[in-house]
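The residues making up each chain are set out below.
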Amino acid sequence: MAEPQGPFAGAVMEDVFGLAAGWVQENLLIPLLYGLGLMRWEDIAFGWALFAVYGACQVVVTFAVCLPLEHWRPVERWPNNNAVWVDALYTAISRIGVLPLVTFVLFYRLQVATNGYLADHGWVPPTLERLFPALLGQQILTFALYAIVLDFAEYWRHWLAHRFRWWWALHSLHHAQRQMTFWSDDRNHILDDLIAFVWFSAIALAIGVPPLQFPLLVLVLRFLESLSHANVRLSFGSIGDRLLISPRFHRAHHGIKAAGVRSCNYGAVLPWWDILFGTADFAHDYAPTGDPSGEEALATGSYWQQQGAGLRRFIRSFSATATPRRIG
Amino acid sequence: MRRVYFRRTAMRWAVFLLPILLLAPHARAAGVAFVIDSGAAAISVVDMATLQEVRRIPVLREPHHLVPSPDGKSLLVGDTAGNEMLFLDPATGAIQKRMPIADPYQLGFSPDGKFLTVAGLARNQIDVYDAASMKLLKRFPVKSTPSHVAYSPDSATAFVTLQDTDRLVAIDLRKLEEKWNQPVGKTPAGVLWLNGKVLVADMGTDYVAQVDPADGRVVAKIVTGKGAHNLFLSPDRKILWVNNRAGGTTAAVDPTTLKVLRTYAIPGGPDDIDFAPDGKLWITRRWAEKVAVLDPATGNYQTVAVGRSPHGLWLNPKAPSPAR
Ligand SMILES: [Zn+2]
Ligand SMILES: [Zn+2]
């Protein structure tokens, strides 16, 4: 008889998420969609359920690991942490709520439409698996390669976000936080998120990124990104810090002096690109974070006040009398 | 009563013989089931005898449906987001060839084997191919989301449901032009030719619409359950099976009277069906990552665990038990 193990050891773990999403779909979304006469959305609803379940798990895992860490060895202690709550809201919106839905719908439609158009004209959209057929079936290796390529692209997107003044106006919202915690990873201007999405889609078109194929591993990567923002004195050691981005490394990027067109440590998960292109700074030790050049609303405003302030700064950035550029 | 007695006897014998049969693998009743895991970018290869997934065939992105070629030499699998058609050995699952095709979602050969119709759900197109040469004869841009395909028995007409615009389109395969395009309910999905009429499962409602193939008029509505999604005629043509997506049920309908005979609870979004020689129905359960193997006599089902969002499935009972 066939033993139930074999090549599906990884699939068993993922099962939990898929089945949880299936439960949400069957018991919450489908009755709603059927009742509202919106059954045409049922496939997309399932896609969203998957994203939301993974997002919720990301938040829970991140919370469970980072909160004790932040209590154990905080870099800073604040009299109150009101400013942190807005970041928690950013996280909820971007990982569980609306954004995954929009991303899923947009990304899926965009990918199918463009790739199909290219296939029609005899050009098969490239994928890493087509370039290296040996990858088919090698889930972990395939994912690792995709993750490296995407992280590389992320490095350059982030580098550009600091270089262009209008882009920095948007991205400065991410840097404005003076009470940086593990929640801060998702605090971004909506327009900045939109650009990131278009950027990701363009890369996906070039190499055929399969977003839903490796959700568990995506969870690990997103966790590392959250951890890198945590308010904790944590380094992975002189070698470890050069392999994976630690809270110490990313805090240097968020340091007051690094807020502006010239910064350091742009990487998201891998510090390799910073090392390779000379933007790594391993010397700075747990500097205070924030961006003194921005409006106060960017740092301590409500969600909408922050978005509004970001938009104003964005518009101002196009006029000649823009706020003086900081060079840090 | 005689049949019941026979079954019982047969079962007793089976209990005695099973261990012996298992020790002699070549004597074992075998067969292979191919289940498409649309959310896992893979095709599950299932041993029909043990109801165990034996291995997975990785594909590029998002496969949904599959169909055997008219000569029985290939099993065609459409990978939508991968823009690729895979040709598999229908016994072993070995990949024979891969062919770039834009968005192959649902596919079906005409009864005479001359045409292959491919519905591109995401790209709003219906492609008609010459089955022998796999040459594209004509592309029909449609509004919108073409999802399931059926034919008239004379292979003169193809019928395709247009899910998001609540319509059914009839395509004249001889002239390669649209015959008619009519509203048929809400979110139509599965479509089937039955006794001179076209049946359309309306997922946004609880009924199957009976449509006149001449002009696309809805002539009757058969209430089967919430979210009527897909429908299949049993190989002996005695039962019409309808999967109701939102209700989580499978309805057995009399194909002549169109009355519901019995309803079975199949939770987890029942979708596609294939029929095993032992009279059981293999039903994919999209959100449960399982296939239900339903015994219509008892209403009980066994479960085969497969990958995420299992959609199309196809049984090859004549194939040997699949190898790892
Ligand atoms: Zn930055
Ligand atoms: Zn950051």
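Everything below is about the structure printed above this text.
Quick caveat: nothing in here was measured; it's all calculated off a predicted structure.

Engineer: Can you lay out the coordination of the zinc ion (ligand 1) for me, pointing to particular residues and giving the numbers?
Structural biologist: Residue and element names in this part refer to chain A. His158 (NE2), His162 (NE2), His171 (NE2), His175 (NE2) and His253 (NE2) make up the full set of protein donors to the zinc ion (ligand 1), lying at 2.1 to 2.2 Å. All donors of the zinc ion (ligand 1) belong to a single chain; written as a sequence motif, their spacing is H-x3-H-x8-H-x3-H-x77-H. A distance of 5.6 Å spans the gap from the zinc ion (ligand 1) to the zinc ion (ligand 2). Separated by 13 residues along the polypeptide, histidine 158 in helix α6 (residues 139–163) and histidine 171 in helix α7 (residues 165–175) bring together distant segments of the chain.

Engineer: I'd like to hear about the coordination of the zinc ion (ligand 2), residue by residue, with values.
Structural biologist: Residues and elements named next belong to chain A. Protein coordination of the zinc ion (ligand 2) is provided by His174 (NE2), His229 (NE2), His250 (NE2) and His254 (NE2), with donor distances spanning 2.1 to 2.2 Å. Around the zinc ion (ligand 2), the 4 donor atoms sit at angles spanning 86 to 171°, and that spread fits a shape best called irregular. Read from N- to C-terminus, the donor residues coordinating the zinc ion (ligand 2) fall into the pattern H-x54-H-x20-H-x3-H. Overall, histidine 229 belongs to the buried group, its relative accessible area being 3%.

Engineer: Please provide a residue-by-residue account of unusual backbone geometry, values included.
Structural biologist: Residue and element names in this part refer to chain B. With an omega of -25°, the peptide bond running from lysine 143 to serine 144 counts as cis. With respect to the element layout, serine 144 can be found in the loop between β11 (135–141) and β12 (146–151). Phi is positive for threonine 187, close to 50°, though the residue is something other than glycine. With respect to the helices and strands, threonine 187 occurs in the loop between β15 (177–183) and β16 (188–194). Of the residues examined, threonine 187 reaches a relative accessible area of 2% and is grouped as buried. The backbone phi angle of glutamate 289 is positive, close to 55°, even though this residue is not glycine.

Engineer: Before we move on, could you go through the packing of α7(A) against helix α11 (residues 247–254) of chain A and cite the residues and values that matter?
Structural biologist: All names here are of chain A. It is the contact of α7 with α11, at a shortest axis distance of 10 Å, that shows an interaxial angle of 130°. The pairing of α7 with α11 is recorded here as oblique in orientation. Residues His171, His174 and His175 of α7 form the contact with α11, whose own contacting residues are His250, His253 and His254. Looking at the contact of α7 with α11 residue by residue, the class counts come to no nonpolar, 6 polar and no charged.

Engineer: So what about α6(A)? Which residues, and what values?
Structural biologist: Each turn of an α-helix holds 3.6 residues, which means side chains three or four residues apart point in the same direction. In this model, α6(A) (25 residues) spans 36 Å end to end at C-alpha, consistent with the 36 Å of a helix rising 1.5 Å per residue. For α6(A), the set of buried residues is Thr142(A), Phe143(A), Tyr146(A), Ala147(A), Asp151(A), Ala153(A), Tyr155(A), Arg157(A), His158(A), Ala161(A) and His162(A).

Conventions and cut-offs
Counting restarts for each chain: residues are numbered from 1 in the order of the written sequence. Going through the entries in the order they are written, you letter the chains from A and number the ligands from 1. In view of the model being predicted, local features appear only for residues whose pLDDT reaches at least 70, and side-chain atom pairs are presented and counted only at 80 or more, with totals across whole chains, interfaces and linings using the full set of residues. The side-chain values count all of the structure's non-hydrogen atoms but skip hydrogen atoms and water molecules. Water is absent from the atoms considered, so a metal site may look incomplete; donors are defined as N, O and S atoms within 2.8 Å of the metal, or 3.2 Å for Na, K and Ca. Labels follow the DSSP assignment, with helices taken as runs of H or I lasting at least four residues and strands as runs of E lasting at least two, numbered in each case from the N terminus. A site with four donors is called tetrahedral when every donor-metal-donor angle falls between 85 and 135 degrees; four donors are called square planar, and six octahedral, when opposite donors sit more than 155 degrees apart and all other angles fall between 65 and 115; any other arrangement is irregular. Categorising residues by exposure relies on relative accessible area from a 1.4 Å probe, with only protein chains included: less than 20% of the type maximum marks a residue as buried, more than 50% marks it as exposed, and the intermediate range marks it as partly exposed. As a rule, the C-alpha atoms of each element are fitted with a line to give its axis, helices using only the stretch in contact, and angles between N-to-C directions run from 0 to 180 degrees. We call two directions roughly parallel when the angle between them is under 35 degrees, roughly antiparallel when it is over 145, roughly perpendicular when it lies between 65 and 115, and oblique otherwise. In what follows, residue pairs with any heavy atoms lying within 4.5 Å of each other are defined as contacts. Only Asp, Glu, Lys and Arg are considered charged in this grouping, and only Ala, Val, Leu, Ile, Met, Phe, Trp, Tyr, Cys and Pro are considered nonpolar; every other residue, Gly among them, is considered polar. For a helix, the expected span equals 1.5 Å multiplied by the residue count minus one.

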